[in-house]
Amino acid sequence: GWAVVRSPAPAGPNSEPSFSSARPDRRKVVVVVRVVVDEGERAPTIPERHREMNLKDVNSILAEIEDGLMGGLATIDVFSKSSGMSVAGIRSSPKACALFNILCERIGEAIKKSALPVPEYVHQTLLRLGEDGNVMIVVVDLTEKYRMGMAVDCVKAQLGILVSVVLPDAVPRLRAALR
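Cut-offs used in this document
- Residues numbered from 1 in each chain as written.
- Predicted model: local features only at pLDDT ≥ 70, side-chain atom pairs only at ≥ 80, totals over all residues.
- Heavy atoms only, no water.
- Helix = DSSP H or I, 4+ residues; strand = E, 2+ residues; numbered from the N terminus.
- Buried < 20%, exposed > 50% of the residue type's maximum accessible area, 1.4 Å probe, protein only.
- Polar contact = N/O pair within 3.5 Å; in protein donor to acceptor, adjacent residues only side chain to side chain.
- 1 Å grid on protein atoms, 1.4 Å probe; cavity = no way out; pocket = protein on both sides within 12 Å on 5 of 7 lines; lining within 4 Å.
- Points joined across faces, edges and corners; volume = space filled by probe spheres on them.
- Nonpolar A, V, L, I, M, F, W, Y, C, P; charged D, E, K, R; others polar.
- Core = buried A, V, L, I, M, F, W, Y, C linked by side-chain atoms within 4.5 Å.
- Expected span 1.5 Å × (residues − 1).
- Arc of directions from axis to C-beta.
- Pairing = 2+ DSSP bridges.
- Axes fitted to C-alpha atoms, helices over the stretch in contact; angles between N-to-C directions.
- Contact = heavy atoms within 4.5 Å.

Caption draft 1: Representation of the side chain of aspartate 141 within the structure. Checked against the element boundaries, aspartate 141 lands in strand β7 (residues 135-141). Note on aspartate 141: relative accessible area 5%, which makes it buried. A polar atom in the side chain of aspartate 141 sits 3.3 Å from the side chain of lysine 81.

Caption draft 2: View of the layout of surface pockets. Its boundaries defined by the atoms lining it, the largest pocket holds a volume of some 190 Å³. Cys104, Glu105, Gly108, Tyr121 and Arg147 are the residues nearest the centre of the largest pocket, which is lined by 11 residues in total. Ranked by residues supplied to the lining of the largest pocket, first place goes to helix α2 (residues 94-114) with five residues. Considered class by class, the residues forming the lining of the largest pocket number three nonpolar, one polar and seven charged.

Caption draft 3: Here's a closer look at the nonpolar core. With 29 residues, the main nonpolar core has Leu62, Ile65, Met148 and Met150 as its most contacted residues. Residue assignment for this core shows that the elements contributing at least two residues are α1 (55-68), β4 (73-80), β5 (86-90), β7, β8 (146-153) and α3 (159-178). Ranked by residue count, the leading element in this core is α3, at eight residues. The next biggest cluster of nonpolar side chains, apart from the first, holds eight residues, and it includes Ala96, Phe100, Ile137 and Ala151.

Caption draft 4: Quick look at α1. Over its 14 residues, α1 runs 20 Å from end to end, which matches the ideal 20 Å to within 8%, given 1.5 Å per residue. When α1 is considered as a whole, its buried residues turn out to be Val58, Ile61, Leu62 and Ile65. One side of α1 holds all its buried residues, which, seen down the axis, span an arc of 100°. Counted as exposed and oriented over 90 degrees from the buried face of α1: Lys56 and Asp67. Looking at the residues trailing α1, positive phi occurs at methionine 70, about 45°.

Caption draft 5: Geometry of the pairing of β4. Within β4, seven of the eight residues are buried, leaving the element largely enclosed by the surrounding structure. Looking at chain direction, β4 and β8 are connected through seven bridges and run antiparallel. Bridge pairing in β8 places leucine 73 opposite valine 152. Summarising the sheet, β4 and β5 pair through four bridges and their orientation is antiparallel.

Caption draft 6: Summary view of the sheet that holds β5. Taken in spatial order, the five strands line up as β5-β4-β8-β7-β6 in an open sheet, and their pairing is antiparallel. The sheet is open, and its two edges are formed by β5 and β6 (124-129), each paired on a single side. Strand-to-strand twist in this sheet, taken as the mean axis angle between neighbours without regard to direction, amounts to 10°. Strands β4, β5 and β8 of the sheet are contacted by α1, whose axis makes an angle of about 35° with β5.

Caption draft 7: Local environment of the pairing of β7. Of all the seven residues making up β7, six are buried; the element is thus mostly covered by neighbouring parts of the structure. The pairing of β6 with β7 spans six bridges and is classified as antiparallel. Bridged to glutamine 124 within β7 is valine 140. Here β6 folds back onto β7, and the loop between the two strands holds five residues, one of which, glycine 130, carries a positive phi near 95°. As paired elements, β7 and β8 share seven bridges and run antiparallel to each other. Bridge pairing in β8 places valine 138 opposite methionine 150. Linkage of β7 to β8, two consecutive antiparallel strands, is achieved through a turn of four residues.

If you want it as structure tokens, here you go:
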């Protein structure tokens, strides 16, 4: 077996404690350990890209959107435009975030190439899917860094409420929480 023995206390504040270990073959191995202790406590660091975001408010607003759609919300996420990764969501879907992100980029590119007399920048995208149009995909640009994407069950949710009440109320508050 191994026996670990601590050397005598360090002589000064910059001295390093060392530990000796006597192995069965009687050779000594000396390990020097340096421990740096910070005198003051620091607050946990938040990654630079999320410093300005109020994640508690974002989650609260997403919950209000879910309530406003009365059971018709399948999924909702706020995600990064650069990576497509979700930063907040309800029933989050990483694949959906990535697809919503690609969808917005492609629609924007198509509009630019079409030379249609419409603005080149798409702020909101609403697509109805399925033979009966029972699912709606909604993607909204929130800030220069983030988008919100959601899938809505059109049978359960009232689309007039979504377009006239829920989105106009939630989008400005999400933008404020993300800045």
